[in-house]
Amino acid sequence: MKPAADRALFRLLYKRRVTTIVEIGLGTGQRAERMIRLAMKLGDGLVRYTGIDLFEARPPFSPGLTYKCAHRLLMATGAQVKLVPGDPLSALGRVANGLRGTDLLIVSADQDEAALSRAWFFVPRMLHADSRICLEEPQAANKGTRFRVIQPEDVELLAAAGSLKSAA
């Protein structure tokens, strides 16, 4: 399964019954499409997917999909798809209350650090005790990325740290 960094996500999908996925940073959308199809195959076929991305507002050097292309690609999976334009802070500020019960939250490595650190404030209300959060992190010496899985209780620390940064 390529890229190798995504293997951790797919292993997690095999271990847990995931029906609600939120992804911050869609990139090309290929990972999202594969995750949705696998989750549907392993579960009862009902998957809710929310993708948060800058879409057309992405910087020119950052590859990604337009809103329309992402919608077309992901709706073809048969999942219930919701796309939310914006950076993590503005998007989660608008939709976090509607994302309660999220089983899997994925945060791509290409996210703006300032917006992401303040956006953690909204994440705890989305999660339940068995939720998993996967943070994509760049590896040293240009060796790609890897996912680090954090627990819901660790998100409280990130949320508090983000609140402290915004207060300063």
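Below, the structure is looked at part by part. Remember, predicted model here, so these are calculated numbers, not experimental data.

## Structural notes on unusual backbone geometry
Apart from glycine, the bulk of residues carry a negative phi angle, and the bulk of peptide bonds sit in the trans form.
In step 1: The phi dihedral of F55 falls on the positive side, at around 50 degrees, and the residue is not glycine.
In step 2: Topologically, F55 is positioned in the loop between β2 (48–53) and α3 (67–75).
In step 3: Its relative accessible area of 4% is what places F55 among the buried residues.

## A few points about the pattern of salt bridges
In step 1: Evaluated as defined, the whole model comprises ten salt bridges.
In step 2: Between R31 and E23 there is a salt bridge, with its nearest N and O atoms 2.8 Å apart.
In step 3: R146 is the partner of E137 in a salt bridge, and the nearest nitrogen-oxygen pair spans 3.6 Å.
In step 4: Here the salt bridges do not stand alone but share partners, grouping D6, E23, R31, R34 and E136 into one network.

## What to know about the sheet that holds strand β1 (residues 20–24)
In step 1: A sheet is described by the order of its strands in space; here six strands give the open sequence β3-β2-β1-β4-β5-β6, paired in mixed fashion. The strands lining the two open edges of the sheet, one partner per strand, are β3 (80–85) and β6 (145–150). Put simply, the sheet's adjacent strands are angled 15 degrees from each other on average, direction ignored.
In step 2: Of the strand pairs in this sheet, strand β4 (residues 102–107) and strand β5 (residues 127–138) are connected by five bridges, and their pairing is parallel. Bridge pairing in β5 links V107 to L135.
In step 3: Along the sheet, helix α2 (residues 30–42) makes contact with β1, β2, β4, β5 and β6, crossing β1 at roughly 170 degrees.
In step 4: The sheet contacts of helix α4 (residues 88–95) involve β1, β2 and β3, and relative to β3 the element is tilted by about 130 degrees.

About the thresholds
- Residues numbered from 1 in each chain as written.
- Predicted model: local features only at pLDDT ≥ 70, side-chain atom pairs only at ≥ 80, totals over all residues.
- Heavy atoms only, no water.
- Helix = DSSP H or I, 4+ residues; strand = E, 2+ residues; numbered from the N terminus.
- Buried < 20%, exposed > 50% of the residue type's maximum accessible area, 1.4 Å probe, protein only.
- Salt bridge = Lys/Arg side-chain N within 4 Å of Asp/Glu carboxyl O.
- Pairing = 2+ DSSP bridges.
- Axes fitted to C-alpha atoms, helices over the stretch in contact; angles between N-to-C directions.
- Contact = heavy atoms within 4.5 Å.

Everything listed is a geometric property; what it means functionally is a separate question.
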